[in-house]
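Descriptive analysis of the structure
Here is how the chains run, residue by residue.
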Amino acid sequence: MNFGLVEVDEPTQKFWNEVRDFLDSVEESVVEHEWKTGDGVNVELYRQLGERGWLMPSLPVEEGGIDATPLQCAILTKELHLHRIPLNSYSNTMQVDAIIRAYGTPELLAEVIPGVARGEVRFCLGYTEPDAGSDLASVKTRATKDGDEWIVSGQKMFTTTAHYAHYALVLARSDPTLPKRHGLTTILVPLSSPGIEITAIHTMGVERTNMVFFDDVRVVDRYRLGPVNQAWTVMANALKIEHGMGESSSAHYDVDGGLNFTRTLALTLDAAVEWALSEESAGRRPIDDVLVRNKLAEIATHVELGRLPSGPVGRVLSSEFLIKDTADLIDLIGARSLIARGEPGAVGDGWFEYAHRFAQGTAIYGGTTDIHRSMIAEQILGLPRSRAT
Amino acid sequence: MSDRAMSMRYQDFSLESEQQALFDSFGAMLDRECSTEVVRAAEPLGFDEGLWRKFRDVGAVTMGVPTSEGGDGAGLIELCLVAEQCGRHLAPVPFVESTVASRLLARSNSAEGRAQLSRITEEGVVTTVAVLSSSDGEPQLIPAGAVADAVVAPYGDELVVARSPKAPELIKNMGTAPLTFQALSNYSERVALAVDARAGDLFSEARLEWKLLTSAALVGLGQSALRLAVDYAKERTAFGVPIGSFQGLSHRLANAHAELDAVRMLSRKAAWFADHEPEGAAPLILMAFLTATRASLEAATATIHVLGGVGFTLESDAQLYFRRVKTWSLAGADLARDLNDISATRFTPGASAVPAATGAAR
């Protein structure tokens, strides 16, 4: 066991300063852009990060990285979180990148991979559909073979960051005669192809996501990832890939609760503590009230607890804590916490009412918390399966 | 909280091979020596003399005492690993209290402390610590007091060892723990280990160690309770299927597992800080204790529920776990005050203006 301070040598400190200075200089405009759009990516910043080799830093220089040490990777992750840089597109891209590297032909790799680290190519995940969410194997989007091409037809939903992505990893039904999860194939669909239409969906959590329509989109077979009808195996492997900036190699560093929604809870706690220490009424601050102190201590406890476990355990806990604590904080702070960002009288510049809204989505996306509870029950505790396959 | 400091910490939960061996060997020993039949047979006193002798034989009783005082100098990480196994097996021995008391005696760095320590190491007497103590003359609940002929406790401005020729009487309680309800004045002899601020500091530290080790024991207890529920839910059928396939049950058990898993990590992290950076350990220990009491209670409660009517009977082992949760944590031992302490350390460090939440300051 070790939770001690990491010794940072001079070159690493220099790198850290460089990252800090750069992100300090862009933070305000990037955060403001994200408030306005909910894009989940800032394309200009993304390109700049790629230019510096900071998107996939552990890669060698000739592949677009900087040969970064695990510590440098952890520093980058920590700083990106600290500066509230939107990373949705980035994490989607990293997940698909790993699948392409595992399953793509040399030809496909040569076409798409070099641009990824440079920040010129982004991916999104075309899994969910209007009638297939938690039960992903029931997707209806069809992929029909026609000579050397696939004809993709159907509709994907909640395809976050599709509007700034170059390719979508599409889960499609290639053989409807086979049992549910056995007739699926994964295809990397170039989003510039004719027949694709992307429309916006806006969420309660200030996120823009998308509906993507595929109208007889023709894709050459070399964009297929993994064997025909074997998408389930490809997906299972994809789930094992931790998304993020080399986090698997920096797993022994504490990157500030970066693996789950506890980071948002920590920001919320920061805002609440600031409120409790500064607002004053009749010579008393909220922190002088034991009820306030004890609630903040409860939330601080959830932050410490929720940041430790990864996987389904971390996912369930961090989402539940965020949902409960953001609601409780609104009660604690009172009606003024309902005032929106930028309005006069807003507490914490509207952070609490935003976080309360945002929290609800965390129990849903990337697989609901109920799906993760079933994973804990079945894969960790060994309980019998609760659902038909 | 997120912080802008340019520093990075390791987060490595892996155990050293010696630590893993210690954990495994205590697990194996207790698997052999401490079945739930043994636990039941030790009731109502909640003490198995043979098992305690075994603990002495393998060096567990003095492992936490510094080598300079005749112990093995084990750290709190190692002690937590043993406490977790004790919890897992509901071991009817005062490992936590005795360990905290003997470390406190050693830290007092006094002739009186040394004298009592040698009684522990050489004569095998049980010494406990009155962690709930807040005032002098009144009777107070003393954990392991009914099997200890000496108790370390605050008394006026002093920290004293109070002794009596034989351990005071058991007071019957929910968890069949060896509690006694005694005024310190009823002990025949009291000798001072420290006075004034130093007495307070030593005692505060001991209370934190008790909370840390108790958090580990509660995690172990919760995990065993959960295992009982999971095994039952796999076997028991209703409506033609195993009841564990119903999400109403399995998701509750999944939640219980998630909490216990995280609390175990927090408890071990707190132990690491207590060993390596004690100045930063207090809030983590209080958080581990707080969450361990809740997570272990939920595991034990869910277990009774999953076992249904059977789980509510005295024949079932479910009740053995359930009755001990509140008892081992001494009904939470001032959780509201702990929250206040967490808040004070985290949000208003150094501000003496923050009044204590309840009662007297520690």
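Residues numbered from 1 in each chain as written. Chains lettered and ligands numbered in written order. Predicted model: local features only at pLDDT ≥ 70, side-chain atom pairs only at ≥ 80, totals over all residues. Heavy atoms only, no water.

**Description of the overall build of chain B**
A tally of helices and strands in chain B yields 11 helices and 9 strands. By the compact-globule yardstick of 21 Å for 362 residues, chain B fits well, its C-alpha radius of gyration being 21 Å. Long-range contacts, defined here as pairs at least 24 residues apart, represent 72% of the contacts in chain B between residues at least 6 apart. Element-wise, carbon and sulfur atoms account for 52% of the exposed surface of chain B, whose accessible area totals about 14100 Å². Charged side chains in chain B number 33 positive and 44 negative. The centres of these two groups are separated by 4 Å. (Helix = DSSP H or I, 4+ residues; strand = E, 2+ residues; numbered from the N terminus. Rg over C-alpha atoms; globule rule 2.2 N^0.38 Å. Contact = heavy atoms within 4.5 Å. Areas by Shrake-Rupley, 256 points an atom, 1.4 Å probe, with all protein chains shown as cover. Lys, Arg positive; Asp, Glu negative; His and termini not counted. Charge placed at Lys NZ, Arg CZ, Asp CG, Glu CD.)

**Quick notes on the sheet that holds strand E2 (residues 127-129) of chain B**
Residue and element names in this part refer to chain B. Pairing is mixed in the open sheet, where 4 strands are placed in the order E2-E4-E5-E7. A strand with exactly one partner marks an edge of an open sheet, and here the two such strands are E2 and strand E7 (189-195). Neighbour to neighbour, the strand axes of the sheet diverge by 30° on average, direction disregarded. Examined bridge by bridge, strand E5 (residues 158-163) and E7 share 6 bridges and lie antiparallel to one another. Bridged to Leu159 within E7 is Ala194. Of the strands in this sheet, E2, strand E4 (150-155), E5 and E7 are in contact with helix H5 (residues 95-108), which crosses E2 at around 90°. (Pairing = 2+ DSSP bridges. Axes fitted to C-alpha atoms, helices over the stretch in contact; angles between N-to-C directions.)

**Some points on the pairing of strand E2 (residues 142-146) of chain A**
Residues and elements named next belong to chain A. With 5 bridges connecting them, E2 and strand E3 (residues 149-157) associate as antiparallel partners. Considered in E3, the bridge of Lys145 is made with Trp150. Hairpin connection between E2 and E3: a loop of 2 residues separates the two successive antiparallel strands, and Gly147 in this loop has a positive phi of roughly 65°.

**A few points about the interface of chain A and chain B**
Residue-level contacts link 61 residues of chain A with 60 residues of chain B. Carbon and sulfur atoms make up 63% of the surface buried where chain A meets chain B, a total of about 5700 Å² over both sides. Three residues stand out in chain A for area buried against chain B, namely A:Met1, A:Phe3 and A:Leu308, and they jointly supply 17% of the buried area on that side. The interface formed by chain A and chain B contains 3 salt bridges. The partner of B:Arg294 in a salt bridge is A:Glu298, and the shortest N-O contact between them spans 2.9 Å. Inspection of the chain A/chain B interface yields 19 residue pairs in polar contact (both at pLDDT 80 or more). Secondary structure elements with two or more residues in the side of chain A that touches chain B: helix H1 (10-37), helix H3 (70-82), strand E9 (253-254), helix H7 (262-278), helix H8 (290-306), helix H9 (311-333) and helix H11 (369-380) of chain A. No other element matches H8(A), which puts 11 residues into the side of chain A that touches chain B. Here the side of chain A that touches chain B is built from residues that sort into 35 nonpolar, 11 polar and 15 charged. Pairing of E9(A) with strand E1 (residues 9-10) of chain B, which is carried by 2 bridges, proceeds in the antiparallel orientation. Considered in E1(B), the bridge of A:Tyr253 is made with B:Tyr10. (Buried area = accessible area lost by both parts, 1.4 Å probe. Salt bridge = Lys/Arg side-chain N within 4 Å of Asp/Glu carboxyl O. Polar contact = N/O pair within 3.5 Å; in protein donor to acceptor, adjacent residues only side chain to side chain. Nonpolar A, V, L, I, M, F, W, Y, C, P; charged D, E, K, R; others polar.)

**Thoughts on the pattern of salt bridges**
Following the criterion strictly, the structure yields 45 salt bridges over all chains and no others. For A:Glu111, the salt bridge identified is with A:Arg222, shortest N-O distance 2.5 Å. In this pair, A:Glu111 is assigned in helix H5 (residues 106-117) and A:Arg222 in the loop between strand E7 (208-220) and strand E8 (224-225), connecting sequence segments 111 residues apart. A:Glu111 sits in the partly exposed class, given a relative accessible area of 35%. Salt-bridge contacts for B:Glu84 lead to B:Arg264; the nearest nitrogen and oxygen are separated by 2.6 Å. Of the two residues, B:Glu84 sits in helix H4 (residues 76-88) while B:Arg264 sits in helix H8 (residues 247-276), which places them 180 residues apart along the sequence. Residue B:Glu84 is classed as buried on the basis of its relative accessible area, which comes to 2%. Of the residues examined, B:Arg264 reaches a relative accessible area of 23% and is grouped as partly exposed. The structure contains a network of salt bridges with shared partners spanning A:Asp254, A:Glu304, A:Arg307, B:Lys269 and B:Arg346. (Buried < 20%, exposed > 50% of the residue type's maximum accessible area, 1.4 Å probe, protein only.)

**A look at unusual backbone geometry**
A cis amide bond links B:Glu43 to the next residue, B:Pro44, at an omega of 5°. If you trace the backbone, B:Pro44 turns up in the loop between helix H2 (36-41) and helix H3 (49-57). Of note, the phi angle at A:Asp67 is positive, near 60°, even though the residue is not glycine. For B:Phe239, which is not glycine, the phi dihedral falls at a positive 55°.

**Considering the nonpolar core**
Judged by nonpolar contacts, the single largest core of 152 residues is most densely connected at A:Leu296, A:Phe352, B:Phe55, B:Phe95 and B:Leu253. No other element matches the 17 residues that helix H7 (residues 196-235) of chain B contributes to this core. Leave out the neighbours within four places in its chain, and A:Leu296 touches A:Leu269, A:Ala272, A:Val273, A:Ala276, A:Ile287, A:Leu329 and B:Phe347. Membership of the second largest hydrophobic core comes to 71 residues, among which are A:Val6, A:Val30, A:Trp150 and A:Ile187. (Core = buried A, V, L, I, M, F, W, Y, C linked by side-chain atoms within 4.5 Å.)

**Concerning the packing of aromatic side chains**
For the structure on display, the rule yields 19 aromatic pairs over all chains. Ring centres 5.8 Å apart and planes at 50° place the aromatic pair A:Phe123 and A:Tyr167 in the tilted group. Highlighted residues: A:Phe123 in strand E1 (residues 123-126) and A:Tyr167 in strand E4 (residues 167-173), separated in sequence by 44 residues. The two residues A:Phe123 and A:Tyr167 agree in class, both being buried. Chaining the aromatic ring pairs together yields one cluster made of A:Phe3, B:Phe13, B:Trp272 and B:Phe273. One residue, A:Arg84, lies across the ring of A:Trp351, its end atom 5.3 Å from the ring centre. Above the plane of the ring of A:Tyr46 lies A:Arg122, whose end atom (NZ or CZ) is 5.0 Å from the centre. (Phe/Tyr/Trp six-rings, centres within 6.5 Å; stacked < 30°, edge-to-face > 60°. Lys NZ or Arg CZ within 6 Å of the ring centre and 35° of its normal.)

**Quick word on the state of the cysteines**
In protein structure, a disulfide is the covalent linkage between the sulfur atoms of two cysteines. With the rule as written, the count across this model stands at 0 disulfides over all chains. For the unlinked cysteine B:Cys34, the closest cysteine sulfur is that of B:Cys86, found at 8.2 Å. (Disulfide = S-S within 2.5 Å.)

**Topic: H3(B)**
Residues and elements named next belong to chain B. Considered for burial, the residues of H3 that qualify are Leu51, Trp52 and Phe55. In an axial view of H3, the angular spread of the buried residues amounts to 100°, which keeps them on one side of the axis. The exposed set on the far side of H3, more than 90 degrees from its buried face, consists of Glu49 and Asp57. Buried positions along H3 lie against helix H1 (17-33), H4 and H5. With a side-chain oxygen lying 2.9 Å from the backbone nitrogen of Gly50, the N-terminal cap of H3 falls on Asp48. Following H3 by one or two positions, Gly59 adopts a phi angle in the positive range, close to 85°. (Arc of directions from axis to C-beta.)

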